[in-house]
Each structure stands twice: as C-alpha cells, then as structure tokens.
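# Remarks on the overall topology
Now for the letters of each chain:
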Amino acid sequence: MAWWKLHKRDKPGAPGAGGAVLASAAIITRAQVRSVVGRKQEWQAQGWDFYRSVSELKSGVRWAANGCSRARLYIGRIDPDGSSSPTPVDAQAEDLSPELVASLLAPLEDLGGGQLGQSEMLRRFSVHLDIPGESYLLGFDDPTSGERRWLVCSPSEITSTGGGDTIRVQLPDSQSARIELPIDKCTLIRLWRPDDEYAYLPDSPLNGLQDPLRELQGLTAHVLATVDSRLQGAGLGLISDDVTPASPQQSDGANPIHSDPVTAALIEAASASLRNRDSAAALVPLLLRVPGSVEDKFKWFSFATELDEQVLPLREAAIKRLAIGLDMPPEVLTGLADTNHWNAWIISDDSIKLHLEPKLGLICDALTSQYFRAAWEALGVPDPEAWACWYDTSDLKQRPNRAPEAAEAHARGAISDAAYLREIGFSSEDMPDEDEQRRRLLVQLATTNPQLAPAALEALGVRLPDIGQAAATDAARAPVEISRAAPAVEAPARNEPPALPVTASAVLDDGWRMNCLDLAVRRALARAGNWLLSRSGRARRGELSHVPVHQVHMHVSADQADLDGILGDAYREFHAATPGEELLHAAVDLYVRRLLLTGIAHERGLLAGHLTTTDCDRAAA
C-alpha cells in the first residue's frame, strides 16, 4: 500500500468528525487547498527580505536550525503520567514482538529517506517556523523513479492550481523544476506556529521585529555610505595658477567623461578609488591649479563624511533588541562576554530546553498526530495512541563529566550497564556478548583467586609459569619474568575489583614495611598515570585535571603491550630500599600491573591480600 493512502482522512471519525487535531498541524484536504495554500501575509515576505539582508538575523536563525538538525527522531511509548519522555522502542524490544517493532519503525524509516534526510528535514522546519512561521511536509510518489519522495516546502514553494484539485510544487532540483500533483495523490501536512489571537494564522518571532530590523538596515546602510565616502579619493588640492587639471588626458578622446575637464577629472579620481581600493587615487589628492594666491600657495579640501559617534552604539543596541526578540539565547548574537567557562554550559543547556525543545516538540507532535498514528492504524498497530514520535537531544547537551560518579555507582550496582555506557559516551551496542563475558569472568578468576586459577586458566587455554620458581632460578630477572607472565592473562573487566582473600585482614597492619610497600605502589601508579596523561588529548587531560595522578588508570585504559615501557624505571627507589627481596619485588610489580589492567583503585587491603596469595605475607607482616 502506498504510504500516502495511510494518511487520508476521507472517512468517518476523521478530524472533521470529532478526531483530535492539533491547532499547529493539519493535513491539507481538497476543501482547504484554496483557503490555505499560497496565502501569504505581508510580514512573511518582509521576513524573507530581512533574512537575506541582515546577517545577524540569518546567523541566529541558522543557529537554531543547526541545533534542531542534530536532534534524533525516535519512536517511543508515551509515559501515562507525562512525567518523562517517551521510552524508546529499542529499550523495550524484549517486551515487544518483532512484528510490532517493525510496524512501529517502518513509517519512521520511510520518512525523509532515513536519519540523514530527517536531519535536513528538521533544519528546514526550524528555518520556516522562525521566518514565515509555517511550513509544509509533502510526500508523493516520484513519477520518474516511482519511489516515495519527501520535501519540506516553504509557503512560497507551493501554490494551488486547478480550482483546488492540484498543487504546483517548486522542486529543489532547479528553478525550472516544477511538478503538479493531485491533492488526493499526495500527503500534504501543514505545520505552523499558531498566532496567540487567531490560532489558524501563523506567527513567528519576526512578526514583532520589523522596527529593529529596519533600524539595523538603515544604520548599516549609513555606515556603508560613510565608509564609501571616505574612499572616494583623498580630497582636492588647490595650487595657484590657471584652472587646469593635473591629468587633463583623462577626459580626452572621442567620448570624454564630461565636457568640463575639471569635473571629468573629479569623476575619474573618485571612481578609480572605488573600483580598486588599492589604487593611488584613494591616497593621493586630485590637484588643480587656480588663478591668484591660495593660502600659502596650497589648500586641501576633503569630501569625506565623518562617521557619527552614535552610529555604532545605536547599531549594537539594535542588534541587542533583535537578539532578545528572536527565539534563541541573546548570548548567541551578543556573545558570551558576561559569562565564563563555569556557566557557559548552563547557557547552552538552557538554550536547548527553552528554545530548541519546544520547537522540536511542536514538530514531533505534528508528525505523530498527522502522519504516524494514521500509518500505525493502517499497519494494524494496537493502541496507536500509546506511541509517539519524539526527539533525542543528547548529542547537543554539554554537561560536566560524570564518568567518575557513574563508574562508582556502577561498581556499587546502583545503575545499569546501559546507563553507565551512556554516561561515558558509549552505546548498548558496545556491550560484550555472552562469550566475551564468560572469557572475562575466567580471566578475573584466574587473576584474583588462586584456588580457582588452575581451572580457569585451563578453560582459557593459558598456562602461567610458577612465580616462586622463576624468582629462585633467576633472581635478577624476576621482575621481568613476572611482568611477562602477567600479559599472558588478558585484561579483566575494568571497574570490577577482585575479591579480597579471607586472610587479607590478618595480614594488613600499619607497620613500616607495609607503608614502604604502599609508597612503592603509589609511586609506580603515579608514573603510569603521567604516562597515560601524556598520551591523552588536551581535552581529556583537562577533564582529568582533578583526578590524583596515581588514580588516572581508573579513567584511562592501559594496554598490556605498554606495561613494560610504563613501569621500566618505576621501582628504582623501592629496589634500593629493599635489597635481596626479589620475590617481593616481583609480587608488587604483578599487583601494580593488575591494577593498571583492571582499572581499580589501590587499597592497602587489596595489596595485603595479593601478598598473601603470592606467599609474601611474612615479608609484609
């Protein structure tokens, strides 16, 4: 079934028969074409003229349009109490049948040619709602290709023909590309900002900004005229003698510029400086000789108009009035001079909530009521009133980095995996599958539980050399052997701390030896943190400026292949303070490597438990 047939309201129960229709959106029927399509008001035509001539207005309108274009449309279930946005279909796919999900998403996938086309659709909707205050969504089957085509048209691009039976549409392909469509063979939806007094009329911020815009145009024209007057030559210099132009040949020829050679010379000098701003005529005055004595034999006249000192403040005031009147934060046009980096993100967040989201809500309401629900009803979706097309502005919002808080909440089980991924900038598609989760669990068991390590390593197909034997046979290379044994086990899942052995509390004390080991671990982690920060970008280093350097590994992943280079010189003081204890050196190095790979924080209890498993508890006691 063609998509346009899903939207026709030519049946009982349609809008005219008691159906719910928003005041800001309606499907144009044959009876409404002549009274609605092509009816333009004077202020709408003036708005387009201002949009093309006032750069500040175009900048502000495009700012809002670019913001709307970055929003993402999705289908979701409406919250019954209205306390939250619709829940996306993707988040509840397990509770829905595949057939229902496909029926819900099919009209969205068709609209505008998919996500890329919908981005441009939202951009044009925003421009039209800010300039003429209304826009048209047109869907028709292309007579050439037979494919469904969607256009967002301004009121100037659609006119009524044939007594209301057809519409003529200006296509974006070229100026001569036009098409006539029968009104009952296409989908034509009108969206508009309803006027506060008469809701059937469109309204826009420009409807009350004609005076500031005309003022801004006049002030700009005055400044340009003044600038041009200062560029029309460098004035006139008079010297005593008969009246003779310094360059009389400029008016010679069959067609002189002017019959009077003096006038012709003035015209030529002024036009030369305007044609080429680098011309000497813009800097050298025109010289004329006059009879008699000129004051001190020379006198200079300037024809330039002085720039009024009040013009620029008046123009800035007009720009401020324009910024306040537009549906956008005034700081977008006036700048962020009164703000700093601490509250600039708040302005950005408020601009989304107060300026972009209401416009996106109007668009989504119109699409839901006039397009999606009719399509869902035709596709057999049960209770289409429970679903809606809505917007997601998460890509637009700038907020403080909450990754550390999210990591802590996730470790405590307070938030879900999906919520944690969202806060650190990933999606649910990045979550590991069951095989990867099983492998990571085996790796964690192998690295944290000595009793289960043999079985876990056997399941992984990994065999580690004995630490004690490696230290006894080659004491000098013990740290290297231990460090190379650890990478044989793949990195455990980050932010999932290993379980403490039951004997850890018995080993933990506050003696000088444990203090020494704690200091050695912290110095090694600090060295690793500096190395990781040096490999991060400037923006990432700024985000981690508040994080202690020995905890950077909790936020930036370390690769196994880099561990030898990171820790190559990290234990120089520790080895010098504890000579002859190669087994202890190797155990501390292995512990630090595990912290870097798992991304968990160092704790004295974890260190004591690790020393217990490596038979170093007597050394730490």
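Here, the structure is the one placed above.
Residues numbered from 1 in each chain as written. Predicted model: local features only at pLDDT ≥ 70, side-chain atom pairs only at ≥ 80, totals over all residues. Heavy atoms only, no water.

Across its full length, the protein carries 24 helices and 14 strands. On the protein, roughly 33400 Å² of surface is accessible, and the fraction owed to carbon and sulfur atoms is 51%. (Helix = DSSP H or I, 4+ residues; strand = E, 2+ residues; numbered from the N terminus. Areas by Shrake-Rupley, 256 points an atom, 1.4 Å probe, with all protein chains shown as cover.)

This paragraph deals with the packing of helix α22 (residues 582–598) against helix α23 (residues 604–613). As a packed pair, α22 and α23 sit with axes 10 Å apart at the nearest point and diverge in direction by 130 degrees. Here α22 is positioned oblique relative to α23, judged by the angle of their axes. The way α22 lies across α23 gives a crossing that is right-handed. The residues of α23 that touch α22, namely those facing L584, A587, L590, Y591 and R594, are L606, L607, H610 and L611. Residues of the contact of α22 with α23, tallied by class, amount to seven nonpolar, one polar and one charged. (Axes fitted to C-alpha atoms, helices over the stretch in contact; angles between N-to-C directions. Parallel < 35°, antiparallel > 145°, perpendicular 65-115°, else oblique. Left-handed = near helix turned anticlockwise from the far one by under 90°. Contact = heavy atoms within 4.5 Å. Nonpolar A, V, L, I, M, F, W, Y, C, P; charged D, E, K, R; others polar.)

Once that is clear, we can look at the packing of aromatic side chains. In the structure shown here, the tally under the stated rule is seven aromatic pairs. Arranged with centres 4.7 Å apart and planes meeting at 75 degrees, the rings of Y371 and F372 form a pair that is edge-to-face. The pair Y371 / F372 is uniform in exposure class, with both members buried. With 5.5 Å between their ring centres and 35 degrees between their planes, F372 and W376 make a pair best called tilted. With F372 and W376 both in helix α10 (residues 344–378) and four residues apart, this pair spans about one turn of that helix. Side by side, F372 and W376 carry an identical accessibility label, which is buried. The ring of Y51 is capped by K58, whose NZ or CZ atom sits 5.2 Å from the centre of that ring. Against the face of W150 rests R148, its NZ or CZ located 5.0 Å from the ring centre. (Phe/Tyr/Trp six-rings, centres within 6.5 Å; stacked < 30°, edge-to-face > 60°. Buried < 20%, exposed > 50% of the residue type's maximum accessible area, 1.4 Å probe, protein only. Lys NZ or Arg CZ within 6 Å of the ring centre and 35° of its normal.)

Secondary-structure assignment places L441 in helix α13 (residues 434–448). Measuring from C-alpha to C-alpha, the distance between L441 and A456 comes to 8.8 Å, with 15 residues separating the pair along the chain.

Let's shift gears to the sheet that holds strand β14 (residues 387–392). The three strands lie next to each other as β3-β2-β14, forming an open sheet whose pairing is antiparallel. The sheet is open, and its two edges are formed by β3 (87–88) and β14, each paired on a single side. Sheet topology places strand β2 (residues 72–77) next to β3; two bridges connect them, and they run antiparallel. Across the sheet, R77 pairs through a bridge with T87, a residue of β3. On top of the sheet, helix α4 (residues 98–110) reaches β2 and β14; it is set at about 160 degrees to β2, its chief contact. (Pairing = 2+ DSSP bridges.)

What follows covers the pairing of strand β5 (residues 148–153). Counting buried residues in β5 gives five out of six residues, a clear majority hidden from the surface. Where strand β4 (residues 134–141) and β5 come together, six bridges link them in antiparallel fashion. For D141, the partnering residue across the bridge sits in β5 and is R148. Counting the residues that bridge the hairpin from β4 to β5 gives six residues, and of these G146 lies at a positive phi of roughly 80 degrees.

Below, the discussion takes up helix α11 (residues 403–411). Since one α-helical turn is 3.6 residues long, residues separated by three or four positions face the same way. Every buried residue belonging to α11 is among A403, A406, A407, A409 and H410, and all of these are buried. Summarising the axial view, the buried residues of α11 lie within an arc of 165 degrees, below the 170-degree limit, and thus occupy one face. Opposite the buried face of α11, by more than 90 degrees, sit the exposed residues E405 and A411. Where α11 is buried, its residues contact α12 (417–423). Among the residues trailing α11, G413 stands out with phi positive, at a value near 80 degrees. (Arc of directions from axis to C-beta.)

Structurally, T598 is set in helix α22. Overall, T598 belongs to the buried group, its relative accessible area being 7%. Within polar-contact distance, the side chain of T598 engages the backbone oxygen of R594 at 2.7 Å. (Polar contact = N/O pair within 3.5 Å; in protein donor to acceptor, adjacent residues only side chain to side chain.)

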